[in-house]
Amino acid sequence: MHPKLLQPTEKNIFKSAQNLISGRLVAFPTETVYGLGASATIESGVNRIYEVKGRPKDHPLIVHISDIAKLDIWAREIPDFAWDLANAYWPGPMTLILKGSDLAKDFVTGQQNTIGLRIPNNKIALTLLTEFENMGGVGIAAPSANRFGAVSPTSAVHVLEELGNHLGDTDIVLDGGDSEIGIESTIIDCISLAPKILRPGAITYDEIYSIVQINEQKPEIQSDIKFSGRFDSHYSPRAKVFLNVQPIPGDGYIAMNEIATPKDTVRLFSPKNIDEFAYGLYASLREGDALNLSRIVVITPTGIGIGIAINDRLKKASEK
Ligand code: TXA
Ligand code: MG
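What counts, and where the lines are drawn
- Residues numbered from 1 in each chain as written.
- Chains lettered and ligands numbered in written order.
- Predicted model: local features only at pLDDT ≥ 70, side-chain atom pairs only at ≥ 80, totals over all residues.
- Heavy atoms only, no water.
- Helix = DSSP H or I, 4+ residues; strand = E, 2+ residues; numbered from the N terminus.
- Rg over C-alpha atoms; globule rule 2.2 N^0.38 Å.
- Buried < 20%, exposed > 50% of the residue type's maximum accessible area, 1.4 Å probe, protein only.
- Contact = heavy atoms within 4.5 Å.
- Lys, Arg positive; Asp, Glu negative; His and termini not counted.
- Charge placed at Lys NZ, Arg CZ, Asp CG, Glu CD.
- Axes fitted to C-alpha atoms, helices over the stretch in contact; angles between N-to-C directions.
- Parallel < 35°, antiparallel > 145°, perpendicular 65-115°, else oblique.
- Left-handed = near helix turned anticlockwise from the far one by under 90°.
- Nonpolar A, V, L, I, M, F, W, Y, C, P; charged D, E, K, R; others polar.
- 1 Å grid on protein atoms, 1.4 Å probe; cavity = no way out; pocket = protein on both sides within 12 Å on 5 of 7 lines; lining within 4 Å.
- Points joined across faces, edges and corners; volume = space filled by probe spheres on them.
- Domains from an automatic or database assignment.
- Salt bridge = Lys/Arg side-chain N within 4 Å of Asp/Glu carboxyl O.
- Pairing = 2+ DSSP bridges.
- Patch = residues over 30% accessible without salt bridge, like charges linked within 9 Å, V, L, I, M, F, W, Y side chains within 5 Å.
- Areas by Shrake-Rupley, 256 points an atom, 1.4 Å probe, with all protein chains shown as cover.
- Phe/Tyr/Trp six-rings, centres within 6.5 Å; stacked < 30°, edge-to-face > 60°.
- Lys NZ or Arg CZ within 6 Å of the ring centre and 35° of its normal.
- Polar contact = N/O pair within 3.5 Å; in protein donor to acceptor, adjacent residues only side chain to side chain.

Student: What is the right way to read the overall build of the chain from this model?
Tutor: For the chain, the helix and strand inventory stands at ten helices and 15 strands. A compact globule built from 320 residues would reach a C-alpha radius of gyration of about 20 Å, and the chain, at 19 Å, matches this within 12%. For the chain, the C-alpha atoms occupy an extent of roughly 60 × 55 × 30 Å along the three principal directions. With 320 residues in all, the chain has 56% of them scored as buried. Summarising the internal contacts of the chain: among those between residues at least 6 apart in sequence, 67% fall at separations of at least 24. Separation of charge centres in the chain, based on 31 positive and 38 negative side chains, amounts to 5 Å.

Student: When you look at the environment of L268 in this model, what are you seeing that I'm missing?
Tutor: Topologically, L268 is positioned in strand β14 (residues 266-269). Accessibility expressed as a relative area gives 13% for L268, which makes it buried. A C-alpha to C-alpha distance of 38 Å links L268 and N19, two positions 249 residues apart in sequence. Ignoring anything within four residues of it in the chain, the contact list for L268 reads G252, Y253, I254, S284, E287, G288, L291, L293 and I296.

Student: Just checking my understanding: could you explain the packing of helix α1 (residues 10-21) against helix α6 (residues 123-134) for this structure?
Tutor: The packing of two helices is summarised by the inter-axis angle and the distance between the axes. At their nearest, the axes of α1 and α6 sit 9 Å apart, and the two run at 55° to each other. Regarding the angle of α1 to α6, the classification is oblique. The hand of the α1/α6 crossing is right-handed. Taking contact as the criterion, the partners of I13, F14, S16, A17, L20 and I21 in α1 are, on α6, I124, T127, L128, E131 and F132. Of the residues assigned to the contact of α1 with α6, the class counts are eight nonpolar, two polar and one charged.

Student: So what exactly am I meant to see when it comes to empty space enclosed by the protein here?
Tutor: One simple way to see leftover space: roll a probe sized like a water molecule over the atoms. For the structure on display, the rule yields two cavities of 30 Å³ or more. Estimates place the volume of the second largest cavity at around 30 Å³. Lining the second largest cavity we find T186, I197, P200, G201, I203, T204, Y205, G305, I308 and A309. Across the lining of the second largest cavity, the residue classes break down as six nonpolar, four polar and no charged. In this structure, the lining of the second largest cavity is formed jointly by two domains, domain 1 (4-212) and domain 2 (240-317), each of which donates at least three residues.

Student: Is there a simple way to think about the pattern of salt bridges in this case?
Tutor: One side chain can pair with another of opposite charge once the charged atoms of both are near each other. On inspection of all chains with the given rule, the structure shows 16 salt bridges. With a shortest N-O distance of 3.9 Å, D189 and K196 are connected by a salt bridge. For K196, a relative accessible area of 27% translates into the label partly exposed. Three or more residues joined by partner-sharing salt bridges are found here, namely E184, D312, R313 and K316.

Student: Is there a simple way to think about the packing of helix α9 (residues 274-290) against helix α10 (residues 307-318) in this case?
Tutor: In contact at an axis separation of 9 Å, α9 and α10 are set at 30° when each is read in the N-to-C sense. Here α9 is positioned roughly parallel relative to α10, judged by the angle of their axes. Handedness of the α9/α10 crossing: left-handed. In this structure, α9 uses I274, F277, A278, L281 and Y282 to contact α10, whose residues at the interface are G307, I310, R313 and L314.

Student: Which parts of the structure should I look at to understand the pairing of strand β11 (residues 196-199)?
Tutor: Successive side chains on a regular strand alternate, one facing one side of the sheet and the next facing the other. Note: strand β10 (residues 186-189) against β11, three bridges, orientation antiparallel. Along β11, the bridge assignment pairs D189 with K196. Where β10 folds back on β11, the antiparallel hairpin that results is connected by six residues.

Student: Explain a positive patch on the surface here, please?
Tutor: On the surface, a cluster of positive charge is contributed by K4, K11, K15 and R24. Tracing the sequence through the fold places K4 in strand β1 (residues 4-6). The class for K4 is partly exposed, based on a relative accessible area of 35%.

Student: How should the packing of aromatic side chains be read in this particular structure?
Tutor: Within a pair of aromatic rings, the relevant descriptors are the distance that separates the centres and the angle that separates the planes. A full pass over the atoms with the stated rule returns one aromatic pair. Lying over the aromatic face of F242, R295 brings its terminal NZ or CZ to 4.1 Å of the ring centre.

Student: What's the story with the side chain of N12 in this structure? I'm lost.
Tutor: By the element assignment, N12 lies in helix α1. Reaching out from N12, the side chain makes a polar contact with the backbone oxygen of Q7 at a distance of 2.8 Å. The residues contacting N12, other than those within four sequence positions of it, are L6, Q7 and L174.

Student: I would appreciate a short explanation of unusual backbone geometry in the present structure.
Tutor: Residue W90 is joined to P91 through a cis peptide bond whose omega torsion reads -5°. Its place among the elements puts P91 in the loop between α4 (80-89) and β6 (94-100). Here the phi dihedral of D264 falls at roughly 65°; this positive angle occurs in a residue that is not glycine. When you line up the elements, D264 lands in the loop between β13 (252-254) and β14.

Printed below as a string of structure tokens:
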């Protein structure tokens with residue numbers, strides 16, 4: 001039993017939308033990473049996401065929608081600053097956590113009264129969402145399409161490597177090439193009076209604070225909200241990840257282009273700038289696993305812009 005790998009033709013996207021409507025799974029590309037989607041209102045479909053990922057049931061899923069007009073179908077008491085953020089950065093790599101409406105059932109929210117919502121900026125994802133909504137669907141629940149705790153997939157081949165043995169032959173993987181950004185969305189908690197960043201991403205602190213004018217210091221990345229991205233082993237390849245240490249012979253090595261490769265190490269990635277670092281990071285960690293390396297040393301980039309998100313993921317990947 002293996003999922004179907006389909007090219008994103010009009011016909012195949014239509015077929016994928018039908019799959020979702022009948023409670024089956026579709027893995028699809030987004031600009032951040034690939035998502036494993038099910039109709040967010042079909043309990044059996046959403047339950048399969050948890051089974052296929054091996055993810056604990058109390059970890060909430062992000063619901064993907066096609067346009068801002070759908071925001072108050074899923075959320076209630078939406079603060080003005082959340083509308084402002086949505087208008088500024090959607091479609092885009094940003095997830096808003098809001099109070100859930102009656103539609104936001106426990107099986108999607110992990111029994112919380114909040115809901116995570118996002119409009120992805122990817123043509124295939126948006127076409128799939130529109131087709132799905134035309135058939136009566138209201139939102140696609142989709143976590144990253146990897147096994148729980150593992151590295152997020154940034155290509156259809158990565159999805160098959162992660163989940164191929166766990167998906168069935170009625171499930172679909174849409175092949176949309178490489179994800180343009182390569183790192184998961186910025187998650188912003190919009191429940192309190194001011195926004196809190198729960199997970200950094202391509203929408204940066206400065207971009208958020210240019211929209212929401214508050215006289216507070218940039219917050220630390222912390223919150224009481226249950227949040228699987230805060231678990232110790234996360235975003236982790238099989239190889240052990242070490243940050244900013246002297247490598248030993250045989251180690252994998254990831255660092256900016258200008259940093260020379262230490263003797264007897266396996267250079268996995270040499271990005272020329274931080275955007276390229278984000279784009280290729282997960283593929284390079286996977287490459288280390290494909291080469292059966294037991295250790296990967298990463299020299300972390302400067303923590304500005306998307307560099308903050310890269311450092312966040314690398315710190316988590318190294319904690320195990
Ligand atoms: O870029 C992304 O966000 C990708 C693409 C597919 O959209 N999705 C993604 O989903 O990264 P996932 O499930 O792998 O990570 C979402 C994180 C999880 O750690 C989850 O706990 C948190 O968002 N989350 C979702 N809903 C939440 C909520 N209501 N309150 C707090 N955290 C929430
Ligand atoms: Mg994930």
